[in-house]
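The lines below spell out each chain.
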Amino acid sequence: MKRILSMSLAGAGLALLAALGSAQIERLDLGQMVARTDNAVRGRIVATEVVRIDHPTDGPELYFTHLEVEGVSLRDGKPVTATVTFPGGFITPEQGVHNSEAPRADEVKVGNEVVVFYKWSDNMGGDLASNALYASHGGIYQVAKSRKGEVALGKGDGYAIAANVAVSDLKSQIAALLK
C-alpha cells in the first residue's frame, strides 16, 4: 500500500512539474514589443479609474483599471493622451480583484512618470474595447530623473526594456526599429 501511495504521489508531482514547465510568460525584446503594439508613450499618469463589468457571457464582476497617460508618442514625437487598460483593480478595498499579471500598485499611481506600450483590443473581456496595456506588467516602465536626463527603468531579462535606458535613447531605438 505504501508503494502504491508513493508511486501515486510521484506521478502527481511529475504531472505538476510538467504543467509548470510548459507555462511561461512571453519574453519580448524591444523590437518585438514595438512590432506588436500600436504606440509607446512617455508621459505622466494623470488619472486612474477601476470599472466593474457584469457580463451575461463572460460573467459577473470583471474589473479593469484604466490609466490616463498624458505625454508624447515615442513613435512619432506627437503629443498624446492615451487611456491604457489592464485587467484587475479595486473600486474599494472590498470590491475588486487582484490580477497576477497587473502592474504593481506603486507603478500606476497618479503622478508617476512612465513609458507605456499598448495595443487596441476590441474586447478585453465583458465587451470592453480599449487600448490594452501590452504584456500587462511588462508594458509599463517607470521613468526617473538622473544627472544625464530621464531614464526608463528596466525590468530585467525577458522584458522589452531589460536595463535602464535614457528616454532619448529609447526614442531613437524605437525610431530605428520602425524604419
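One can find the structure itself at the top, above this paragraph.
Counting restarts for each chain: residues are numbered from 1 in the order of the written sequence. Thresholds applied to this predicted model are a pLDDT of at least 70 for local features of residues and 80 or more for the giving and counting of side-chain atom pairs; totals over whole chains, interfaces and linings are not thresholded and use all residues. Working from all heavy atoms in the structure, the side-chain values ignore hydrogens and water.

Asker: How would you sum up the overall build of the protein chain? Please name residues and give values.
Answerer: Helix and strand counts for the protein chain stand at three helices and 10 strands. Listing every helix and strand of the protein chain by position from the N terminus yields α-α-β-β-β-β-β-β-β-β-β-β-α. Residue burial in the protein chain is summarised as follows: out of 179 residues, 38% are buried. Note on definitions: a residue-residue contact is assigned when non-hydrogen atoms from the two residues lie within 4.5 Å. Pairs at least 24 apart in sequence give 57% of the contacts found in the protein chain among residues at least 6 apart. The method behind every accessible area is Shrake-Rupley, applied with a 1.4 Å probe, and residues are considered shielded solely by the protein chains displayed. For the protein chain, the exposed area adds up to about 10,500 Å²; of that, 55% sits on carbon and sulfur atoms. Segments assigned H or I by DSSP are reported as helices when at least four residues long, segments assigned E as strands when at least two residues long, and all are numbered from the N terminus. Working definition: with a 1.4 Å probe on protein chains only, accessible area under 20% of the residue-type maximum means buried, over 50% means exposed, and in between means partly exposed.

Asker: Describe in detail unusual backbone geometry, supporting the description with residues and values.
Answerer: The backbone phi angle of Asp127 is positive, close to 65 degrees, even though this residue is not glycine. Along the chain, the position of Asp127 falls in the loop between strand S6 (113-121) and strand S7 (130-133). Exposure remark for Asp127: the relative accessible area of 53% places this residue in the exposed category. At Ala135, a position not held by glycine, the phi torsion is positive, near 60 degrees.

Asker: Tell me what's going on with helix H3 (residues 167-178), and back it up with residues and numbers.
Answerer: With 12 residues, H3 extends 17 Å from end C-alpha to end C-alpha; this agrees with the ideal 16 Å at 1.5 Å per step. Among all positions of H3, only Val167, Leu170 and Ile174 are buried. Buried residues of H3 fall within an arc of 55 degrees about the axis and therefore sit on the same side. Exposed and facing more than 90 degrees away from the buried side of H3 are Ser168 and Ala176. A helix's residues, less one, multiplied by 1.5 Å, set its expected span. Here, the arc refers to the directions that run from the helix axis to the C-beta atoms.

Asker: Kindly report on the environment of Gln142, identifying the contributing residues and their values.
Answerer: Position of Gln142 among the secondary structure elements: in strand S8 (residues 140-146). Residue classification places Gln142 among the partly exposed positions, given a relative accessible area of 22%. For the pair Gln142 and Asn112, spaced 30 residues apart in sequence, the C-alpha separation works out to 7.2 Å. When residues no more than four places from it in sequence are discounted, the contact partners of Gln142 are Arg104, Asp106, Glu107, Asn112, Glu113, Val114, Val151, Ala152 and Leu153.

Asker: Outline the side chain of Asn131, supporting the account with residue identities and numerical values.
Answerer: As for its position among the elements, Asn131 is in strand S7. Ignoring anything within four residues of it in the chain, the contact list for Asn131 reads Thr83, Val84, Thr85, Tyr118, Lys119 and Trp120.

Asker: Which residues make up the pattern of salt bridges, and what values do they have?
Answerer: A side-chain nitrogen of Lys or Arg and a carboxyl oxygen of Asp or Glu constitute a salt bridge if their distance falls within 4 Å. Taken as a whole and assessed by the stated rule, the structure comprises 10 salt bridges. In this structure, Arg42 engages Glu113 in a salt bridge whose closest nitrogen and oxygen atoms are separated by 2.5 Å. Here Arg42 is found in strand S1 (residues 39-55), whereas its partner Glu113 is found in strand S6, with 71 residues between them in sequence. Summarising the burial analysis for this pair, Arg42 and Glu113 share the class buried. With its nearest N and O atoms 3.1 Å apart, the salt bridge here joins Asp54 to Arg52. For Arg52, a relative accessible area of 36% gives the class partly exposed.

Asker: Help me get a handle on the packing of aromatic side chains, residues and values and all.
Answerer: Two aromatic rings, drawn from Phe, Tyr or Trp (for Trp, its six-membered ring), form a pair once their centres lie within 6.5 Å of each other, and the interplanar angle then sorts them: stacked below 30 degrees, edge-to-face above 60, tilted otherwise. Here the structure, examined in full by the defined rule, presents one aromatic pair. Pairing Phe117 with Tyr141 gives two aromatic rings, centres 6.2 Å apart and planes at 90 degrees, and the pair type is edge-to-face. Within this pair, whereas Phe117 is found in strand S6, its partner Tyr141 is found in strand S8, the two being separated by 24 residues in sequence. The residues Phe117 and Tyr141 share a single accessibility class, namely buried. By the criterion adopted, a ring carries a charge over it if an Arg CZ or a Lys NZ lies within 6 Å of its centre and within 35 degrees of its normal. Taking NZ or CZ as reference, Lys155 lies 5.2 Å from the ring centre of Tyr141, over its face.

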